[in-house]
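Fold and contact review
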Amino acid sequence: MPVADPGHPRVCSIARTLELVGEKWALLAVREVFYGVHRFDRIVANTGAPRDVMTTRLRRLTEAGVLVRVPYSQRPPRSEYRLTEAGRDLLPVLLSLMRWGDEHLAADGPPVVWGHACGHDLVPSTVCRSCGEPVRGSGLELKRTTGAG
């Protein structure tokens, strides 16, 4: 695999995504909205984030189209946060991070377990959309890159 020039980092969708959601409080805010928590005070309480930091993260996620603010009260004016389609598309990312943490960091077992519609506990897995086979590093081949590198 080619090495990126230090003066010109590799153009990469992972890097672009991390610019938006690669900070702890941003992903935890999205997690809370996935869990059905939509109001600012509860998002702050459930994440432990400082209010000013969470305000900034929620504003950025809203500006980027991951979340949308929906009014729920006119007096006083109050809004809650809902996922957009782009926000809902982050679910596999959150589930993959959860599975990795459950397997490598949760000595006492998973702190959260999701049930699947099939009746079993959910164990997230990445599969190829074309063939349905699980994705493993040994079965991947870098076909092209753009930009530096």
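You'll find the structure just up there.
Residues numbered from 1 in each chain as written. Predicted model: local features only at pLDDT ≥ 70, side-chain atom pairs only at ≥ 80, totals over all residues. Heavy atoms only, no water.

**Looking at the overall build of the protein chain**
When its secondary structure is counted, the protein chain shows six helices and two strands. Reading the protein chain from its N terminus to its C terminus gives the helix and strand order α-α-α-α-β-β-α-α. Projecting the C-alpha coordinates of the protein chain onto the three principal axes gives extents of approximately 55 × 45 × 30 Å. Sorting the 149 residues of the protein chain into buried and exposed places 23% on the buried side. (Helix = DSSP H or I, 4+ residues; strand = E, 2+ residues; numbered from the N terminus. Buried < 20%, exposed > 50% of the residue type's maximum accessible area, 1.4 Å probe, protein only.)

**Remarks on the pairing of strand β2 (residues 77-83)**
Here seven bridges tie strand β1 (residues 67-74) to β2, and the two strands are oriented antiparallel to one another. Among the inter-strand pairings, V70 is bridged to a residue of β2, identified as E80. Count of turn residues in the β1/β2 antiparallel hairpin: two residues. (Pairing = 2+ DSSP bridges.)

**Overview of the pattern of salt bridges**
In this structure the tally under the stated criterion is six salt bridges. Among the salt bridges present, the one from E80 reaches R39, with a minimum N-O distance of 3.3 Å. Here the residue E80 occupies a position in strand β2, and R39 occupies one in the loop between α2 (24-34) and α3 (40-47), the gap between them amounting to 41 residues. By relative accessible area, which is 10% here, E80 ends up buried. According to the relative accessible area criterion, R39 is partly exposed, its value standing at 39%. The partner of D41 in a salt bridge is R51, and the shortest N-O contact between them spans 2.9 Å. (Salt bridge = Lys/Arg side-chain N within 4 Å of Asp/Glu carboxyl O.)

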